[in-house]
Amino acid sequence: MTSDDHLILDFQKGSREAFVELFERYRDPLYGFFRRRLANPARAEELAQECFLAVLRNVARYEPRAGFRSYLYGIAINLVSADRRKAGREVPKDDAAADPQAHENRDASLWVRDALGRLEEKDREILMLREYEQLSYAEIGGLLRLPVNTVRSRLFRARMALKEQLLPARDVA
Amino acid sequence: MNRSVQHAFEHEEIMAYLDGELEPGRASSLAAHLDHCAECRLMAAGLRRVSDQLAAWEGGPAPSSLSTILEKAGREQTPRKSSALGRKLRRFETGRDWLRARPWAWGVAGAVATALLFVTTVSVLQYSRDRGIASSKTAPYKQWLQTDSAIPGNALTRKKAESAVPHAPAPTPPITDGRSPLKTDSNGLLHGLGDHAGDAFANDGQPPVDAGSMGKLRASEQAEDAAVNGRQFLGLTMLEPGAEAPMVARTAALSVVAKDFAPVEAAVKEITARHHGYIGELSTSAPKDAARNLSATLRIPVPQLDGAIAELKQLGRVEQESQSGEEVSKQYIDLAVRLKNARVTEQRLVDVLQTKTGKVKDILDVEKEIARVRGEIEQMEADQRDLKTRVDYATLQLTVSEDFRASLEVAPPSTATRLHNAVVQGYHDVIESLIGFAVWLLAVGPALLIWGSLLFFPARWAWKRWRRTAAAKASPAGAA
C-alpha cells in the first residue's frame, strides 16, 4: 500500500488519483475528528470539507517533514480552534451530564462524551488524538507544541481519570 | 494505589508499552515482567478497557455529500510540478508565514535595519568630512612646496629684493610749519606722528639706504602700484616678473622623548642660535616622581628649518612630527593696497592743511584726521612686518619629554596617612552617593508618581480581565 507521503507527493506532481486515494483514506477519520469536537454535524461536515480544500489548495507548499497525517490533523486542529473562537467559549452543556440517575440508561457514547467533558481541555485533546486519531506521542507533541514526556504523563493522567469514571470501584488496586 | 518495591516499571511505562511507544529493550523486559506480575497485568487490563470503552464513541461515517470535494479537486488548478523556482517560492512563503506568526520579528527587523542605516550614514559622512579636511590642510602646504621648488631660496631672495627696495628712505631734514612736528620724506609722504623721530625710517630692521637710491625708491613706487593690480607684491616682483610667488607662513611641530633630559634646554638654545633663529617662548616643568617636560616656540629662518628640525630630532626619540603652511599672499596684497590708499589719503590731508586757510576748528579737524590716518598706516605697516616675519621665520612648536623611569622607594608613604585619606575619601563618597540619589529622586519622582497614578487603574483592569480569561479557558468546555 502506498504511504500517505508518497500519495501527497504524487498529488504535488499532478496525480488526481493520489488525492482521491488520500481522501478515501481520511474521509471518515477526519469527519469523526470534527464530529467528536463539534456539536453540530453539519458544521463538522463543513470543516471536514474545508480541511480537504486546504490540503488541495496548499499542496504545492507541502513539505514532508512530520508526515501527512500530522499535517492534516494540524490543519484540522486549527480549524476547530478558529471555529470555537468564533462561536465563543460557551459550550452547551449536555443535560444528561447533570443527572447522575440517567447514567445507567445512557448510550455508551454519551457516557464517554460525558467523561471526556470532565477532563481538562488539553488532557482531553491529547487523549482523543491518541485514542481516535491514533497519533503517536511525538505527533501529538508536534501538533500541540508539547514535549513528548509531557504528552505521556498527561495522557496517563487522563486515562486514570477516565478509569475512575468509567470503571468506578471495580478496578481500584 | 500502593506498589510493591520489586516493581521496576512505572504504570506510565505500562501505558506506553500498550501504545507501542516504549523503547524495544524496555518493552521486552516489561513483557517478561507482565508474565509474573499480577498487579501490573491488572493495570494493563484496566488501561485496555478504558481504550475499549472510548472506542464505543464512534464519530460515524462521513456523509456522502463530503465527496463533492472531489469535484472541486477536478476544478482546482493542477498543482505545479515541483521545480527549483517552486521550492524557492515555498521557502519564501514559509518564511513569510513564520513572520506573520511572530509580529514581534517585524519590530526587531525594523530596529536592526534602522540601526544599520544610521551607522552607515554616519560613517559615510565622517569619511567625506575627513577627506575634505585633509585636502584643505594639505593644499597650502603643497602650494608652499611648489613655491619653494619654483623659486629656490625663496626667503633669502625676498630679503635681497627687499633690501634693494627699502621701506625706509634716508631721513631728510624735517619740514615743519610751526603747527605740528611733521616730517616728510623724499616722496612727500608724512612721517613722525606717533613715531620715535630718530628711528622713524628704520622700523623693520632693514639697513637704511643712502640718498643715492632715489631710482630704487621710484622702483618701489612702481612695485606698489603693481601690487594694486593684485598680480605682484613688494619684495618678490624684482626677481620673478610675471611669476606669482605665494607667501607662505610655515609652521612645524615636533615632539621628542629624551633619555637624558639635563642638557636638553641648553641644546635647544644652541641649535636655535646656530640656525639664526630665536626663541619665542620656552618653559620647563619638573614634577615630583614624573617625567620632566620642556615646551618651546622657536622662530627659525625658513631655509634653516629643515636643518634645525634634523638636529632637534637628535635629542631623543621622535614621537610626533608635523609641518604645515598657510598662504598669506592675499592678506599681504590686501595690506599693501590699503597702505597705499592710506598714504594717499594722508598726503591729500597734508595738502589741505598746507593750502587751506580757514577757521581754527577746521584746521584742528584736519589735523585730527591726519593723526587717525597715520595711526592706521602704522598699524598696517606693523601688520605687514608681522606677515613678513611669519613668512621669513617658520614657527616650530617643540616639546621634549623625559624618558622617565620611576625610582624605587624603599620607604613607602606613611600607612596611617593613606588610611586616613581613604577614610575621608570613603566618607565623601557616601555623602555624594546619598546626595546624588536624593537629587535623582527629586528629579524623577514627581513624573514617576504622576504616570504611575495615571496607569495604575488601567493596568489593574487589564490584569483582572486577563485573569478572568485565563480562568475561563482552563475550565472544562466539553465537546458536544
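It should be noted that the structure appears before, not after, this text.
Here's what I pulled together on the structure shown here.

Cut-offs used in this document
- Counting of residues starts from 1 at the beginning of each chain's written sequence and follows it residue by residue.
- By the order in which they are written, chains take letters starting at A while ligands take numbers starting at 1.
- Local features in this predicted model are restricted to residues whose pLDDT is 70 or higher, and side-chain atom pairs enter the listing and the counts only when it is 80 or higher, whereas totals over whole chains, interfaces and linings include all residues.
- Hydrogen atoms and water are omitted, and side-chain values are computed over all heavy atoms in the structure.
- Secondary structure elements are taken from DSSP: a helix is a run of H or I of four residues or more, a strand is a run of E of two residues or more, and numbering for both begins at the N terminus.
- Accessibility here uses a 1.4 Å probe with only protein chains present; expressed as a share of the type maximum, an area under 20% marks a residue as buried, one over 50% as exposed, and anything in between as partly exposed.
- In this description, contact between two residues means that some pair of their heavy atoms is separated by no more than 4.5 Å.
- We get accessible surface area from the Shrake-Rupley algorithm with a probe of 1.4 Å; when it comes to residues, only the shown protein chains can shield them.
- Just to be clear on terms, a salt bridge is a Lys or Arg side-chain nitrogen sitting within 4 Å of an Asp or Glu carboxyl oxygen.
- Axis definition: a line fitted to C-alpha atoms, over the contacting stretch in the case of helices. Angles run 0 to 180 degrees between N-to-C directions.
- Oblique is the label for any angle not covered by the other classes, which are roughly parallel (under 35 degrees), roughly antiparallel (over 145) and roughly perpendicular (65 to 115).
- When the near helix sits turned anticlockwise from the far one by under a right angle, the crossing is termed left-handed; a clockwise turn instead gives a right-handed crossing.
- Residues are sorted three ways: Asp, Glu, Lys and Arg are charged, Ala, Val, Leu, Ile, Met, Phe, Trp, Tyr, Cys and Pro are nonpolar, and all the rest, Gly among them, are polar.
- Two rings from Phe, Tyr or Trp (for Trp, the six-membered ring) form a pair when their centres sit within 6.5 Å of each other. Planes less than 30 degrees apart are called stacked, planes more than 60 degrees apart edge-to-face, and all others tilted.
- In this scheme, the term charge over a ring applies when either NZ of a lysine or CZ of an arginine sits within 6 Å of the ring centre and within 35 degrees of the ring normal.
- Each patch is built from salt-bridge-free residues with over 30% relative accessible area, joining like charges within 9 Å and nonpolar side chains (Val, Leu, Ile, Met, Phe, Trp, Tyr) within 5 Å.
- We treat Lys and Arg as the positive residues and Asp and Glu as the negative residues; His and chain ends play no part in the count.
- To locate a charge, take NZ of a lysine, CZ of an arginine, CG of an aspartate or CD of a glutamate.
- Between any two strands, pairing holds if DSSP finds at least two bridges.
- The definition of a polar contact used here is a pair of N or O atoms within 3.5 Å, where within protein one atom must be able to donate a hydrogen and the other to accept one, and adjacent residues in sequence count solely through side-chain atom pairs.

### Quick notes on the overall build of chain B
Here comes step 1: The helix and strand tally for chain B stands at 13 helices and seven strands.
Here comes step 2: Residue burial in chain B is summarised as follows: out of 480 residues, 29% are buried.
Here comes step 3: For chain B, long-range pairs separated by at least 24 residues make up 73% of all intrachain contacts whose partners lie at least 6 apart in sequence.
Here comes step 4: Within the structure as shown, chain B displays about 30200 Å² of accessible surface, and the carbon and sulfur contribution to it stands at 60%.

### What to know about the pattern of salt bridges
Here comes step 1: On inspection of all chains with the given rule, the structure shows 33 salt bridges over all chains.
Here comes step 2: Among the salt bridges present, the one from Asp123(A) reaches Arg157(A), with a minimum N-O distance of 2.9 Å. With a gap of 34 residues between them, Asp123(A) in helix H6 (residues 121-131) and Arg157(A) in helix H8 (residues 148-166) connect regions that are remote in the sequence.
Here comes step 3: Linking Arg374(B) and Glu346(B) is a salt bridge whose minimum nitrogen-to-oxygen distance equals 2.9 Å. Residue Arg374(B) is found in helix H12 (residues 360-392), and its partner Glu346(B) is found in helix H11 (residues 329-355); the two are separated by 28 residues along the sequence.
Here comes step 4: One network of salt bridges, with partners in common, ties together Arg36(A), Arg37(A), Glu125(A) and Glu133(A).

### Description of the packing of helix H1 (residues 11-19) of chain B against helix H3 (residues 38-54) of chain B
Residues and elements named next belong to chain B.
Here comes step 1: Where H1 meets H3, the axes come as close as 10 Å, and the angle between the chain directions of the two elements is 55 degrees. Accordingly, the angle class assigned to the pair H1 and H3 is oblique. Crossing handedness for the pair H1 and H3: right-handed. Residue-level contacts link His11, Ile14, Met15 and Leu18 of H1 to Glu39, Cys40, Met43, Ala44, Leu47 and Arg48 of H3.
Here comes step 2: Of the residues assigned to the contact of H1 with H3, the class counts are seven nonpolar, one polar and two charged.

### Examining the packing of aromatic side chains
Here comes step 1: This structure, assessed with the given rule, holds 13 aromatic pairs over all chains.
Here comes step 2: Ring centres of Phe33(A) and Phe34(A) lie 5.3 Å apart, and the angle between their planes is 90 degrees; on these two criteria the pair is classed as edge-to-face. We note that Phe33(A), like Phe34(A), is buried.
Here comes step 3: Judged by centre distance (5.5 Å) and plane angle (25 degrees), the rings of Trp463(B) and Trp466(B) are stacked. Here the residue Trp463(B) and the residue Trp466(B) both occupy positions in helix H13 (residues 415-474), the gap between them amounting to three residues, near one helical turn.
Here comes step 4: A residue is classified by how much of its surface remains accessible, and Trp466(B), at 53% relative accessible area, is exposed.
Here comes step 5: Positioned above the aromatic ring of Phe33(A) is the side chain of Arg37(A), whose terminal nitrogen or guanidinium carbon lies 3.7 Å from the ring centre.

### Observations concerning a positive patch on the surface
Here comes step 1: A cluster of basic residues, Arg460(B), Lys464(B), Arg465(B) and Arg468(B), forms a positive patch at the surface.
Here comes step 2: A residue is classified by how much of its surface remains accessible, and Lys464(B), at 41% relative accessible area, is partly exposed.

### As for the packing of helix H9 (residues 264-274) of chain B against helix H10 (residues 302-313) of chain B
The description of two packed helices rests on the angle between their axes and on the distance between the axes.
Residues and elements named next belong to chain B.
Here comes step 1: In the contact formed by H9 and H10, the axes pass within 10 Å of each other and the chain directions differ by 160 degrees. Of the possible angle classes, the one that applies to H9 and H10 is roughly antiparallel. The chirality of how H9 crosses H10 is right-handed. Residue-level inspection shows Val268, Ile271 and Arg274 of H9 in contact with H10, the latter providing Ala308, Glu311 and Leu312.

### Examining the environment of Lys340(B)
Here comes step 1: Tracing the backbone shows Lys340(B) in helix H11.
Here comes step 2: C-alpha of Lys340(B) to C-alpha of Ile377(B): the two residues are 37 residues apart in sequence and 8.8 Å apart in space.

### Quick word on the pairing of strand E7 (residues 393-402) of chain B
All names here are of chain B.
Here comes step 1: Of all ten residues making up E7, seven are buried, and the element is well covered by its neighbours.
Here comes step 2: Bridge count for strand E3 (residues 248-258) against E7 is eight bridges, and the pairing is parallel. Its bridge partner lying in E7, Val257 is registered against Ser401.

### Topic: H6(A)
Here comes step 1: Among the eleven residues in H6(A), nine count as buried, and that is most of the element.
Here comes step 2: What H6(A) keeps buried is the set Asp123(A), Arg124(A), Glu125(A), Ile126(A), Leu127(A), Met128(A), Leu129(A), Arg130(A) and Glu131(A).

### Observations regarding the side chain of Asp4(A)
Residue and element names in this part refer to chain A.
Here comes step 1: Within the secondary structure, Asp4 is located in helix H1 (residues 4-12).
Here comes step 2: Residue class for Asp4 comes out buried when judged on its relative accessible area of 16%.
Here comes step 3: At 2.3 Å, the side chain of Asp4 and the side chain of Tyr26 are in polar contact.

Treat this as a map of the structure, not an account of what it does.
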